[in-house]
Amino acid sequence: MLDSIGDALTLTAAKFPHKTALINYGGPRLTFSQLNERVNRLANALKGLGVRKGDRVAYLFPNTSAFVETHFAVAKIGAVGVPLNVRLVGRELHYQIDHAEAVCVLFHEAFRKTIEGIKGDLRKVRTFIGHGQGGDGILSYEEVLQQGESQEPVETVQLYDQNVVLYTAGTTGVPKGAVLSHKNSLFNA
């Protein structure tokens, strides 16, 4: 039975462990088993860093496996994902991260300067995780991921728990956060 978006990946990895799940442009292919292991590692590492069920976790990635890994890892621990649009500028990212009350921000190396420019003003964020080298209060994505255990994270996540906050375009004012449950996300998939 599927109670969360995270369950969908777990079940697929069990059923099709050696089938290709993701192809990174210019990078490695991941099977469903490999993807699920990386997701579990990241999920358990995030829990180890203090991210709890219901916490908001913002992430800023282009179309890469890290986006997928983060999306599923956050879901598996019952945290609420806040995917950010890669076309936003610093002040827009600041607004959405702050408004969502995110406690953790994960981002691609391409956005490091933008995140560094706003990180001092983000009220609730305790942890920043970026691709590439760590430093200046930013943890390395791969190092964090490798610190997590590969087993399924232990957390009860249910259909009506919050899954993601998607920000609207803000055509009549500032963007609003639309909250989707795991059930919404499963039906959407």
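1. Observations regarding the overall build of the chain
Item 1. Across its full length, the chain carries seven helices and nine strands.
Item 2. A compact globule built from 189 residues would reach a C-alpha radius of gyration of about 16 Å, and the chain, at 16 Å, matches this within 12%.
Item 3. Dimensions of the chain, computed from the C-alpha atoms along their principal axes, are close to 45 × 35 × 30 Å.
Item 4. Residues classed as buried in the chain amount to 45% of the 189 residues present.
Item 5. Total accessible area on the chain is roughly 9800 Å²; 52% of this is exposed by carbon and sulfur atoms.
Item 6. Averaging the positions of the 20 positive and the 18 negative side-chain charges in the chain gives two centres separated by 4 Å.

2. Considering the packing of aromatic side chains
The way to describe two aromatic rings as a pair is by their centre distance and the angle between their planes.
Item 1. Tallied over the full model, the rule gives two aromatic pairs.
Item 2. Taking the centre distance of 5.4 Å and the plane angle of 65° together, the rings of Y59 and F67 count as edge-to-face.
Item 3. Centroid distance F61 to Y141: 6.0 Å. Interplanar angle 70°. Geometry classified as edge-to-face. Residue F61 is found in the loop between strand 3 (56–60) and helix 3 (65–76), and its partner Y141 is found in helix 6 (residues 141–147); the two are separated by 80 residues along the sequence.

3. Structural notes on the pattern of salt bridges
Item 1. Throughout the structure, instances matching the rule amount to nine salt bridges.
Item 2. A salt bridge links R38 to E69; the nearest nitrogen and oxygen atoms lie 2.6 Å apart. Here E69 lies in helix 3 and R38 lies in helix 2 (residues 32–48), a separation of 31 residues in the sequence. Comparing R38 with E69 shows no difference in burial state: the two are buried.
Item 3. A salt bridge links D55 to R126; the nearest nitrogen and oxygen atoms lie 3.8 Å apart.

4. A word on the packing of helix 2 against helix 3
Item 1. Between helix 2 and helix 3, the least distance of the axes is 8 Å, while the angle of their chain directions is 55°. As the angle between them shows, helix 2 and helix 3 are arranged oblique. Relative to helix 3, helix 2 is oriented so that their crossing is right-handed. Listed contacts from helix 3 to L35, N36, R38, V39, N40, L42, A43 and L46 of helix 2 are V68, E69, T70, F72, A73, V74 and K76.
Item 2. Its residues placed into classes, the contact of helix 2 with helix 3 shows nine nonpolar, three polar and three charged.

5. Concerning the nonpolar core
Item 1. Grouped together as the largest cluster of nonpolar side chains are 30 residues, with contacts concentrated most on L42, L46, C104, L106 and Y141.
Item 2. Contributions of two or more residues to this core are made by helix 1 (5–15), helix 2, strand 3, helix 3, strand 5 (102–107) and helix 6.
Item 3. Excluding residues that lie within four positions of it along the chain, L42 makes contacts with E69, T70, A73, L106, Y141, V144 and L145.
Item 4. With 20 residues, the next largest nonpolar core counts V80, V82, I118 and V165 among its residues.

6. So, the packing of helix 1 against helix 2
Item 1. The interhelical angle for the contact between helix 1 and helix 2, taken along N-to-C directions, is 140°, at an axis separation of 8 Å. Judged by the angle between their axes, helix 1 and helix 2 are oblique. Of the two elements, helix 1 crosses helix 2, and the hand of that crossing is left-handed. Contact residues: L9, T10, T12 and A13 in helix 1; F32, S33, L35, N36 and V39 in helix 2.
Item 2. A class-by-class count of the residues in the contact of helix 1 with helix 2 yields five nonpolar, four polar and no charged.

Procedures and definitions
- Residues numbered from 1 in each chain as written.
- Predicted model: local features only at pLDDT ≥ 70, side-chain atom pairs only at ≥ 80, totals over all residues.
- Heavy atoms only, no water.
- Helix = DSSP H or I, 4+ residues; strand = E, 2+ residues; numbered from the N terminus.
- Rg over C-alpha atoms; globule rule 2.2 N^0.38 Å.
- Buried < 20%, exposed > 50% of the residue type's maximum accessible area, 1.4 Å probe, protein only.
- Areas by Shrake-Rupley, 256 points an atom, 1.4 Å probe, with all protein chains shown as cover.
- Lys, Arg positive; Asp, Glu negative; His and termini not counted.
- Charge placed at Lys NZ, Arg CZ, Asp CG, Glu CD.
- Phe/Tyr/Trp six-rings, centres within 6.5 Å; stacked < 30°, edge-to-face > 60°.
- Salt bridge = Lys/Arg side-chain N within 4 Å of Asp/Glu carboxyl O.
- Axes fitted to C-alpha atoms, helices over the stretch in contact; angles between N-to-C directions.
- Parallel < 35°, antiparallel > 145°, perpendicular 65-115°, else oblique.
- Left-handed = near helix turned anticlockwise from the far one by under 90°.
- Contact = heavy atoms within 4.5 Å.
- Nonpolar A, V, L, I, M, F, W, Y, C, P; charged D, E, K, R; others polar.
- Core = buried A, V, L, I, M, F, W, Y, C linked by side-chain atoms within 4.5 Å.

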